[in-house]
Amino acid sequence: GDREGEVSSLRSQVEALKTDVGRLQPQADRSTSLQRQLSAAQRELEREKAGPVPSVVLSDGSRKNREELKAMVPSFDWASFFGGLDRVNRQSSQSPPSTPAGTDKTPGVPYTPEPVQDIPEALPEGWSLENHNGKPLYVNHAAKTYSWVHPSLSKN
């Protein structure tokens, strides 16, 4: 008789535990779900802190990131190009350059963007790409001049 009482007692304890587990399971599931959401939010925050993934809008309106551009034009020096863009974006809060004396290419001239398919190779020695109110401005530090047009595309 004692064995039966013991078994019966253990059975009721097991049933009580199953009931507890049944009550706790939804909370455990919710906890797992919240942890997933938190991880996703943290990843999103890290991405925002890292800044936008640099990309270029092509003339057809499509947006291409670094990897897609490298695949399209493998011969182009994308590292220099995007390095310049990264620097420009960091500097964009600074004021635009003052007009160098004796230049015919001032920001007073209308801005005409270069067609994207004509983006040439890296800038010549002494040149840098800067951001002038969101537009690419090519600066020749040696001659103290600048241009809206990439030096290898300009007529002079």
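Figured I'd write up the structure that's included with this text. Quick caveat, the model's predicted, so the values are computed rather than measured. Along each chain, numbering runs from 1 in the same order as the chain's sequence is written. Where local features are concerned, this predicted model is filtered to residues with pLDDT of at least 70; where side-chain atom pairs are given and counted, the filter is 80 or more; whole-chain, interface and lining totals use all residues. Side-chain calculation: all heavy atoms of the structure are included, whereas hydrogens and water are not.

### Concerning the overall build of the protein
Think of it this way: any DSSP run of H or I at least four residues long counts as a helix, any run of E at least two long counts as a strand, and we number them from the N terminus. Across its full length, the protein carries three helices and five strands. Secondary structure elements of the protein occur, N-terminal to C-terminal, as α-β-β-α-α-β-β-β. Counting the 156 residues in the protein, one finds 16% classified as buried. It only takes one pair of heavy atoms within 4.5 Å for two residues to be counted as in contact. Long-range contacts, defined here as pairs at least 24 residues apart, represent 52% of the contacts in the protein between residues at least 6 apart. If you sum the accessible surface of the protein, you get close to 11,700 Å²; carbon and sulfur atoms cover 53% of it. To sort residues, take the accessible area from a 1.4 Å probe on protein chains only and compare it with the maximum for the residue type: under 20% means buried, over 50% means exposed, and anything in between is partly exposed. Surface accessibility in these figures is a Shrake-Rupley result with a 1.4 Å probe; residues are shielded only by whichever protein chains are displayed.

### Quick look at the pairing of strand β3 (residues 127-132)
Strands are treated as partners if at least two bridges between them are detected by DSSP. Across six bridges, the pairing between β3 and strand β4 (residues 135-140) is antiparallel. Its bridge partner being in β4, L129 is matched across the sheet by Y138. Between β3 and β4, which pair antiparallel in sequence order, lie two residues; one of them, N133, sits at a positive phi of approximately 50°.

### Quick look at unusual backbone geometry
Phi angles above zero are rare outside glycine, and N133 is one such case at about 50°. Of note, K144 is a non-glycine position whose phi angle comes to about 55°, a positive value. Mapped onto the elements, K144 comes out in the loop between β4 and β5 (145-147).

### Considering the pattern of salt bridges
The salt bridge criterion pairs a side-chain nitrogen of Lys or Arg with a carboxyl oxygen of Asp or Glu, the two atoms within 4 Å. Enumeration over the complete set of coordinates arrives at four salt bridges. E6 is the salt-bridge partner of R3, the closest N and O atoms lying 3.5 Å from each other. In this pair, R3 and E6 both sit in helix α1 (residues 2-50), three residues apart, roughly one turn of the helix. Residue class for R3 comes out exposed when judged on its relative accessible area of 65%.

### Let's talk about the side chain of S147
Tracing the chain through its elements places S147 in strand β5. Given a relative accessible area of 4%, S147 falls into the buried group. Nitrogen and oxygen atoms within 3.5 Å of one another constitute a polar contact, given that in protein one can donate a hydrogen and the other can accept it, and given that sequence-neighbouring residues count only through two side-chain atoms. Within the local environment of S147, its side chain forms a polar contact with the backbone nitrogen of V149, the two atoms lying 2.8 Å apart.

### Digging into the pairing of β4
If a strand is regular, its side chains alternate between the two faces of the sheet. Relative to β5, β4 runs antiparallel, the two being bridged by three bridges. Across the sheet, the residue bridging to V139 is Y146, located in β5. Between β4 and the antiparallel strand that follows it, β5, lie four residues; K144 among them carries a positive phi value of about 55°.

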